[in-house]
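Okay, here's what each chain looks like letter by letter:
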Amino acid sequence: MAKPGTPLFLERGSYRQRRMMDAVKLIAILGAGLWMIPLLWPTAEPGTAQAVPLSQALLYVFGVWWFLIAIAYVLARKIRDLPEQSDETEAM
């Protein structure tokens, strides 16, 4: 049993910091998935749907790129504003 007065779970600050770091790590996976979507678009072959113009594909790729940059910026600001972990919580 836990001693009276000791928290059963991680401190709120360190928990949030770890979840933010997990979100930062997932940005790369999200970006790879979003950049693979154009591979599923139809190509210009006889008897198939009309192909996606290159201009739209480039807008999509750069739009995803800017989206990932914006998400990374927002998460970096949130991580910076979180309190640092103390030596006591790192030892656990």
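Residues numbered from 1 in each chain as written. Predicted model: local features only at pLDDT ≥ 70, side-chain atom pairs only at ≥ 80, totals over all residues. Heavy atoms only, no water.

**Topic: the overall build of the chain**
Step number 1: Helices and strands together make up the secondary structure of the chain, namely 3 helices and 0 strands.
Step number 2: Helices and strands appear in the chain in the N-to-C order α-α-α.
Step number 3: Out of the 92 residues in the chain, the part that is buried amounts to 13%.
Step number 4: Excluding contacts between residues fewer than 6 apart, the proportion of contacts in the chain whose partners are at least 24 apart in sequence is 67%.
Step number 5: On the chain, roughly 7800 Å² of surface is accessible, and the fraction owed to carbon and sulfur atoms is 67%. (Helix = DSSP H or I, 4+ residues; strand = E, 2+ residues; numbered from the N terminus. Buried < 20%, exposed > 50% of the residue type's maximum accessible area, 1.4 Å probe, protein only. Contact = heavy atoms within 4.5 Å. Areas by Shrake-Rupley, 256 points an atom, 1.4 Å probe, with all protein chains shown as cover.)

**What about the nonpolar core?**
Step number 1: If you look at the biggest cluster of nonpolar residues, it comprises 7 residues: Met20, Ile27, Val64, Leu68, Leu75, Ile79 and Leu82.
Step number 2: Listed by contribution, the elements that provide at least two residues to this core are helix H1 (12–36) and helix H2 (54–81).
Step number 3: Looking at this core element by element, the count peaks at 4 residues for H2.
Step number 4: Setting aside residues up to four positions removed in sequence, Leu82 forms contacts with Arg16, Gln17 and Met20. (Core = buried A, V, L, I, M, F, W, Y, C linked by side-chain atoms within 4.5 Å.)

**Brief notes about the pattern of salt bridges**
Step number 1: Scanning the entire structure with this criterion turns up 1 salt bridge.
Step number 2: Asp22 serves as the salt-bridge partner of Arg19, at 2.8 Å between the closest nitrogen and oxygen. Residue Arg19 and its partner Asp22 are both found in helix H1; the two are separated by 3 residues, about one turn of the helix.
Step number 3: Judged by its relative accessible area of 32%, Asp22 falls in the partly exposed class. (Salt bridge = Lys/Arg side-chain N within 4 Å of Asp/Glu carboxyl O.)

In short, the description is geometric, and any link to function would need to be established separately.
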